[in-house]
Amino acid sequence: MAREYRGAEDEVSVDVAALGRALWRAKRWLAPLVLVAAVGTFGALQMVTPKYRGQAKILIESQASIYPGVERNTEGERAMLDQEGVASQVQLLNSYDLARRVANKLELSKRSEFNPSARDGDNLLRDALRLLGFDRSGRQISVEERVLEAYFDNLVVYQVEKTRVIAVEFTSRDPELAARAANTIVQEYLDLQAAAKRDNTEEAAGSLGPEVARVRADVETAERAAEDYRAANDLLLGSNNVTLVQQQLADLNAQLASARAQKAEVQAKAEQLRAMLGRGTLDSASDVLNSPLIQRLRERQVALRARLAELSTSLLPSHPEYRATRRQLSDLDSQIVAEGRKILAGLENDVRVAESRETSLTASLNQLKVQVAQNNDARIRLRDLERDAKVKGAQLEALLQRYREQEVRVNAVGLPADARLISRASIPHKPYSPRVVPITVLVTMAVAVLAVAFVLMREFLFGQVLVRGGAGSQAEDGEDGDEIVAVFEAPQVPVAPLSDVETSPAALWARLMEQETPPQCLVVVSTDDDEMANRAAVALLRAAVSDNSCPILVETSAEPQFGEPKAGAEGKPRGFADLLSGEASFSQVIVRDPRSRAHVIEGAGRPLSDREAASPIFDTVLEALEHTYDHIVIDLGRLTSSIATAKFLTHADHVVLVAGDHSGGPLLDRTRRMLETRTRAGLSVLAPERRERPATGTRDMAA
């Protein structure tokens, strides 16, 4: 049997049999009441006008377009299709602009369901109630506001979970109107999106027109400035897109190269001819060979030599004719040499002309180089002006392209919306409200529960279902039992004559909490009785709970002192020793006090060994408990000289010494002096008295 630990007052139990008899006596009016509630609810629901719901669904997606300029980048498409984008479309479906369009198209103001004033014309009774303030439908609001208020009361728009589908539900007394309204809302939403796209396109085209004109004027200004600067600084362009000065410089450079080549050629010919004249032969000189006069002289020379050869066969060298022919041949050689010298003189003259031309061209070229060098700064400034004009021209081209694209979209027949209708609402045949059977069952159950609660509360307040002590348990079970209950009163045996001995754990706890730094870790020990220490620890634990704290009790005894220990997977009890040995986790050893919200770590069915107490995990476990709970109450039982006792006393912020019935004054005094000298924690003495009370039955602990 599990032990129950109580305070100074007796426990009160409930007489369940008395409650059953009270409910049985009340059956005479309980059953009719429940039946009347069921029948009344069913009849009332039958008179309620049924409502029908039409549902349409749309899918949010990016629609492809054949028109230029409507391509959406990846970021824009992702922003439209993510959860925030779909939620934004839900808000658009709930917008007032869309509601006004739907209400006007369906003429909801002419239906009494949305506009009660349309039910009849002049109603004297309603006018009178309106004047008295009893007719809420006639409050000072416009017809449009009244219609929209009823419209939104009947409209439900939501996103289907984990999809890009939006459901539009509309409720009405008319099933045809419910379906038509849902379809109209979706269609108006699609039209509104397309119209918004067209409006944005027209607005963009309208804003691009002045911008294009402004950029075109800037381009013209930049190009004109570049051309004016070119003309002012003599940087006019010639062929091949170069300036005239640069073109002249290139031409002069080419002419100078040609003049130098011509000079070298003529000079080489003159040197060659001079060398040949020095050797007395002109047979290989090209200019001599190309001379017509020399060619004729050479022909006559050949003819004379042939004549001379012919004469030599028949005449002697002293013959006059032979000698005349030789003189003619010698004259021809002299003429050829003289003609060669004339050609050499012409070549030398050509060399002098080429040198003069080279000198002139070099001077002109140097002059143009100086002019080009002087125009470098002007060309740099001109390139800046041309670059600015080119950038503005590119900007103008981009704006013109966008403007033409916007014009194409403005003139388009229709722009697709970024949504598609996937489910059109059909006319519902069954009403969705009111749901007669579920509502009737719920109301009947609620009435039954309230009636039973009324009977039970009446018995608790005015009946005799509360029994003190174990009377209620004895009346039901017919069993008797004995249980030792710790009642803290003034001690009946003399203990040490100390002025700070406490007789009540609640008073001791209150005194400890009044300190400047309330203790977090309390160690409870006894001089000679494990049971008295356990009862004192339990009483302090529940006192901490009463003080709105979150405490935990750690039992170190071998036998469980607080109900049945929590068993592991093998059926073995789990406790603090198993937590230190690593055989169990916190969730496997922590249980709950059945009479409070405090937590308890019970004994493991075996004593705590010195090796487990000396392990490093000992300090880690206590630190984890100190970080988790407001207060830790450690039950050491009877004071012993073990490593576990020393370790617990080292961690203690305050020690509570429980004086048993058989602990005399000298023993208590020696124990107290020993604890004061060996620990740095505060010390309090608690002196309980034992007495026997009948048991009230066992109560298991909940984990």
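So, about the packing of aromatic side chains. Counting across every chain of the model gives eight aromatic pairs. Geometrically, the ring pair formed by W29 and F454 is edge-to-face, given 6.2 Å between the ring centres and 75° between the ring planes. Placement of the pair is W29 in helix α2 (residues 27-46) and F454 in helix α14 (residues 436-462), with a sequence separation of 425 residues. With a centroid separation of 5.2 Å and an interplanar angle of 80°, the aromatic rings of Y151 and F152 are classed as edge-to-face. Take Y151: its relative accessible area is 1%, and that puts it in the buried class. In textbook terms, an aromatic cluster arises when at least three aromatic residues are bridged by ring pairs, as seen for Y96, F114, Y151, F152 and F170. Sitting over the ring of Y432, R53 keeps its end group 4.0 Å from the ring centre.

Bringing the confidence of the model for the protein into the picture now. When pLDDT is averaged across the protein, the result is 75; 75% of the residues are at 70 or more. Segment residues 1-10: pLDDT under 50, and 35 contacts once partners within four positions in sequence are set aside and those in other chains are kept. Residue range residues 468-499 is modelled with pLDDT below 50. Its contacts to residues more than four positions away, or to other chains, number 80 contacts.

Here we come to the environment of L508. Examined against the element boundaries, L508 turns out to sit in helix α16 (residues 505-513). Taking the C-alpha atoms as reference, L508 lies 8.1 Å from S684; in sequence the two are 176 residues apart.

Next up on the list: unusual backbone geometry. One non-glycine residue, E107, lies in positive phi territory at about 55°. Within the secondary structure, E107 sits in the loop between α5 (96-106) and α6 (124-132). If you check the backbone angles, K162 has positive phi at about 60° while not being a glycine. With respect to the element layout, K162 can be found in the loop between β3 (155-159) and β4 (165-172). We classify K162 as exposed; its relative accessible area is 76%.

Rules used throughout
- Residues numbered from 1 in each chain as written.
- Predicted model: local features only at pLDDT ≥ 70, side-chain atom pairs only at ≥ 80, totals over all residues.
- Heavy atoms only, no water.
- Phe/Tyr/Trp six-rings, centres within 6.5 Å; stacked < 30°, edge-to-face > 60°.
- Helix = DSSP H or I, 4+ residues; strand = E, 2+ residues; numbered from the N terminus.
- Buried < 20%, exposed > 50% of the residue type's maximum accessible area, 1.4 Å probe, protein only.
- Lys NZ or Arg CZ within 6 Å of the ring centre and 35° of its normal.
- pLDDT = per-residue confidence, 0-100.
- Contact = heavy atoms within 4.5 Å.

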